[in-house]
Amino acid sequence: MHKDILKVVIIGDGGCGKTSLRNQFIHKRFTNAYKATIGADFITKEVRTDDGKKVMLQIWDTAGQERFQSLGVAYYRGADACILVYDVNNFLSFQHLERWREDFLKQSSLPVEEAQHFPMLVIGNKIDIDDRVVSRRQARAWAEQHSSDRMKIPCFETSAKDGTNVEDAFTHITKIVKVPQLELDLNGSGDTVTLSSDTRSTKHTRRCC
């Protein structure tokens, strides 16, 4: 079976809930036990676009700790979209979005023109905790400041714990990214995936949602 595939990377400070968001989206489960991600790994999930097309999201979960950030170049290149995550109860994690965005654009080696319009999505996580220090207005202002005329950055507020808006945030990616014509060959149960081509299209037509 052949499907289109989108490589999506999730970045942000450690402890913001990146892994929990991915697990909630993929497996519909949550655990309070915190375990820092080492390096990066990915899990895939099939979603359907508004026009009924099947797309496989390849979701890369990356470490938020400083000592692993040098590994970013190996995982950022070839990405089709980037999710920036912060904790609504931790203002520093929100302030650090700027650094994470700049590091991603630099290490992914995107051409200047393409970098200006690269698809990004902002998630403010942990809204289930009643200790908010980052408002929706602040997040929207940040996203607007870093949006371009061709690519607006959407904002979502989520709870990885109870699943609020998690599905909507991840599936929204298919609305802001032009699906590349790559084929994903699923073998057996789908646990092992093999790309039928390692050549990624260099033509990116971006449209804001």
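Since we're looking at a predicted model, the values are computed, not measured.

Enquirer: Explain the overall build of the protein chain here, please?
Expert: Helix and strand content of the protein chain: seven helices and eight strands. Scored against the burial criterion, the 209 residues of the protein chain give a buried share of 48%. The contacts of the protein chain with a sequence gap of at least 6 include a subset with a gap of at least 24, amounting to 74%. Of the roughly 10,600 Å² of accessible surface on the protein chain, a fraction of 48% belongs to carbon and sulfur atoms.

Enquirer: Help me understand the pairing of strand 5 (residues 120-125), please; the structure alone is not making it clear to me.
Expert: Two faces, one strand: in a regular strand the side chains alternate between the faces of the sheet. Within strand 5, six of the six residues are buried, which leaves the element mostly enclosed by the surrounding structure. Neither face of strand 5 is left uncovered, since the one carrying Met120, Val122 and Gly124 and the one carrying Leu121, Ile123 and Asn125 both have all their residues buried. The pairing of strand 4 (residues 81-87) with strand 5 spans six bridges and is classified as parallel. Its bridge partner lying in strand 5, Cys82 is registered against Met120. Relative to strand 6 (residues 155-157), strand 5 is paired through three bridges, and the arrangement is parallel. Each bridged residue has a counterpart across the sheet, and for Ile123 the counterpart in strand 6 is Phe156.

Enquirer: Any chance you could explain the nonpolar core here in plain terms?
Expert: Counting 25 residues, the largest nonpolar core has Phe25, Leu57, Ile83, Ile123, Phe170 and Ile173 as its most contacted members. Mapped onto this core, the elements with two or more residues apiece are strand 1 (2-12), helix 1 (18-27), strand 3 (54-62), strand 4, strand 5 and helix 7 (166-176). If you tally residues by element for this core, the top one is helix 7, at five residues. Contacts of Ile173, omitting those with residues within four sequence positions, involve Leu6, Val8, Ala81, Ile83 and Leu121. Counting residues in hydrophobic clusters, the runner-up holds 24 residues, among them Val9, Tyr76, Leu110 and Val122.

Enquirer: Any chance you could explain the packing of aromatic side chains here in plain terms?
Expert: The description of two aromatic rings rests on the distance between their centres and on the angle between their planes. Per the counting criterion, the structure on display carries seven aromatic pairs. The interplanar angle of 55° and the centroid separation of 5.8 Å between the aromatic rings of Phe91 and Phe94 together place this pair among those described as tilted. Remark: Phe94 and Phe91 occur in helix 3 (residues 91-95); sequence separation between them is three residues, near one turn of the helix. A ring pair is formed by Phe104 and Phe118, whose centres lie 5.2 Å apart and whose planes are at 50°; its orientation type is tilted. Here Phe104 is found in helix 4 (residues 97-107), whereas its partner Phe118 is found in the loop between helix 5 (112-116) and strand 5, with 14 residues between them in sequence. A cation sits over an aromatic face here: Lys7 above Trp60, 4.8 Å from the ring centre.

Enquirer: Is there a simple way to explain the pattern of salt bridges in this structure?
Expert: It is possible for side chains bearing opposite charge to pair when their charged atoms get close. For the structure shown, the criterion picks out eight salt bridges. Among the ionic pairs, Asp4 bridges to Lys53, the shortest N-O distance being 2.8 Å. Taken together, the positions of Asp4 in strand 1 and Lys53 in the loop between strand 2 (40-48) and strand 3 put the pair 49 residues apart, joining distant regions of the chain. Owing to a relative accessible area of 8%, Asp4 belongs among the buried residues under this scheme.

Each value, and the rule that gives it
- Residues numbered from 1 in each chain as written.
- Predicted model: local features only at pLDDT ≥ 70, side-chain atom pairs only at ≥ 80, totals over all residues.
- Heavy atoms only, no water.
- Helix = DSSP H or I, 4+ residues; strand = E, 2+ residues; numbered from the N terminus.
- Buried < 20%, exposed > 50% of the residue type's maximum accessible area, 1.4 Å probe, protein only.
- Contact = heavy atoms within 4.5 Å.
- Areas by Shrake-Rupley, 256 points an atom, 1.4 Å probe, with all protein chains shown as cover.
- Pairing = 2+ DSSP bridges.
- Core = buried A, V, L, I, M, F, W, Y, C linked by side-chain atoms within 4.5 Å.
- Phe/Tyr/Trp six-rings, centres within 6.5 Å; stacked < 30°, edge-to-face > 60°.
- Lys NZ or Arg CZ within 6 Å of the ring centre and 35° of its normal.
- Salt bridge = Lys/Arg side-chain N within 4 Å of Asp/Glu carboxyl O.

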